[in-house]
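# An overview of the molecular structure
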Amino acid sequence: GIDVAPILCGGVTVTPGDIIFGDRDGVLVGSADSFATCLESAENVVAVEQQLMRGMKMGVSLHKMTNFEEHIKKRKEGKESALEFNEDLHTIKFDHMDPVHVK
């Protein structure tokens, strides 16, 4: 017969009907609803990564695309800081390229 009970796999509960997705970065397990909730964010991550790669291919350093200098200064002063992308943190711009806006 077919077993329709949840199983534990690698410390994760997998329920019948769950989607299992894996690539070289890891494995994700979740319901269709949970994947639908995450899809827009995942698409935004891909868009930013693609724009960063384009910038680096054009010779723009990753440091220039982030708040690296400000971040290092704050950390040296003992202040809290997070390394973030420049601009409004949602739009990555490069000379001679259309900006990519992510949510």
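Below is a summary of the structure that appears in this document. Given the structure is predicted, the values throughout are model-derived calculations rather than measurements.

Procedures and definitions
Residues numbered from 1 in each chain as written. Predicted model: local features only at pLDDT ≥ 70, side-chain atom pairs only at ≥ 80, totals over all residues. Heavy atoms only, no water. Helix = DSSP H or I, 4+ residues; strand = E, 2+ residues; numbered from the N terminus. Buried < 20%, exposed > 50% of the residue type's maximum accessible area, 1.4 Å probe, protein only. Contact = heavy atoms within 4.5 Å. Areas by Shrake-Rupley, 256 points an atom, 1.4 Å probe, with all protein chains shown as cover. Salt bridge = Lys/Arg side-chain N within 4 Å of Asp/Glu carboxyl O.

A count of helical and extended segments in the protein chain gives two helices and six strands. The helix and strand sequence of the protein chain, counted from the amino end, reads β-β-β-β-α-α-β-β. A burial count over the protein chain gives 17% of its 103 residues as buried. At a minimum sequence separation of 6, the contacts of the protein chain that also span at least 24 residues come to 26%. As presented, the protein chain carries roughly 8,200 Å² of accessible surface, and 57% of it is formed by carbon and sulfur atoms.

On to the pattern of salt bridges, then. Summed over the entire model, instances satisfying the criterion amount to two salt bridges. A salt bridge links lysine 74 to glutamate 70; its shortest N-O distance comes to 3.2 Å. One end of the pair is lysine 74 and the other is glutamate 70, both in helix H2 (residues 68-76) and four residues apart, which spans about a single turn. Judged by relative accessible area, lysine 74 falls into the partly exposed class, the value being 30%. The class for glutamate 70 is partly exposed, based on a relative accessible area of 44%.

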